[in-house]
Amino acid sequence: MRQNVGVLDSTLRVGLGFGLLFVGFLLHPQPASWAAYAGFLILAITGFTGKCLLYRILGITSCAQDAPH
């Protein structure tokens with residue numbers, strides 16, 4: 001699968017993932033919310049790999065387009 005998540009999108013996903021994990025620990029410290037773990041994992045994986053299955057299904061890309069030759 002080709003990358004379909006751009007640099008800004010990727011950075012925001014990783015940041016939001018860590019924020020979600022942090023909020024999960026604040027609201028449910030013992031143990032942290034499973035939803036927060038799941039959200040963190042999804043956002044972190046898509047952010048670090050640059051590949052999002054939902055974007056692929058919807059035909060969306062946030063990557064910069066190649067310049068025409």
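Up top you'll find the structure we're talking about.
Just so we're clear, the structure is a prediction, and the values are computed from it rather than from any experiment.

**Q** Describe the environment of D9, with residues and values.
**A** For D9, the position within the fold is in helix α1 (residues 7-27). On the basis of relative accessibility, which here comes to 16%, the residue D9 falls in the buried class. When the C-alpha atoms of D9 and C63 are compared, they prove to be 8.6 Å apart, with 54 residues separating the residues in sequence. Apart from the residues lying within four places of it in its own chain, the contact partners of D9 are Y55 and S62.

**Q** Before we move on, can you summarise the packing of aromatic side chains with the specific residues and values?
**A** By convention here, two paired aromatic rings are described through the distance between centres and the angle between planes. In total, this model carries three aromatic pairs according to the counting rule given. By the ring-pair criterion, three or more aromatic residues cluster together here, those being F25, W34 and Y37. Its end group placed over the ring of Y55, R13 keeps NZ or CZ at 4.8 Å from the ring centre.

**Q** Run through helix α2 (residues 34-49), naming residues and quoting values.
**A** Given a rise of 1.5 Å per residue, 16 residues ought to cover 22 Å, and the 22 Å separating the end C-alpha atoms of α2 matches this to within 8%. Buried residues of α2: A36, G39, F40, A44, T46 and G47, and no others. Where α2 is buried, its residues contact α1. Looking one or two places after α2, you find G50, whose phi comes out positive at around 80°.

**Q** Summarise the side chain of D9; cite the residues concerned and give the values.
**A** Within the structure, the side chain of D9 is placed 2.9 Å from the side chain of Y55, a separation counted as a polar contact. At 3.0 Å, the side chain of D9 forms a polar contact with the side chain of S62.

**Q** So, the layout of surface pockets: which residues are in play, and what are the values?
**A** Vacant regions in the atomic arrangement are exposed by a probe of water-molecule size rolled over the atoms. One number sums up the size of the largest pocket: a volume of about 270 Å³. Lining the largest pocket are 11 residues, with R2, Q3, N4, T61 and C63 sitting closest to its centre.

Cut-offs and rules
Residues numbered from 1 in each chain as written. Predicted model: local features only at pLDDT ≥ 70, side-chain atom pairs only at ≥ 80, totals over all residues. Heavy atoms only, no water. Helix = DSSP H or I, 4+ residues; strand = E, 2+ residues; numbered from the N terminus. Buried < 20%, exposed > 50% of the residue type's maximum accessible area, 1.4 Å probe, protein only. Contact = heavy atoms within 4.5 Å. Phe/Tyr/Trp six-rings, centres within 6.5 Å; stacked < 30°, edge-to-face > 60°. Lys NZ or Arg CZ within 6 Å of the ring centre and 35° of its normal. Expected span 1.5 Å × (residues − 1). Polar contact = N/O pair within 3.5 Å; in protein donor to acceptor, adjacent residues only side chain to side chain. 1 Å grid on protein atoms, 1.4 Å probe; cavity = no way out; pocket = protein on both sides within 12 Å on 5 of 7 lines; lining within 4 Å. Points joined across faces, edges and corners; volume = space filled by probe spheres on them.

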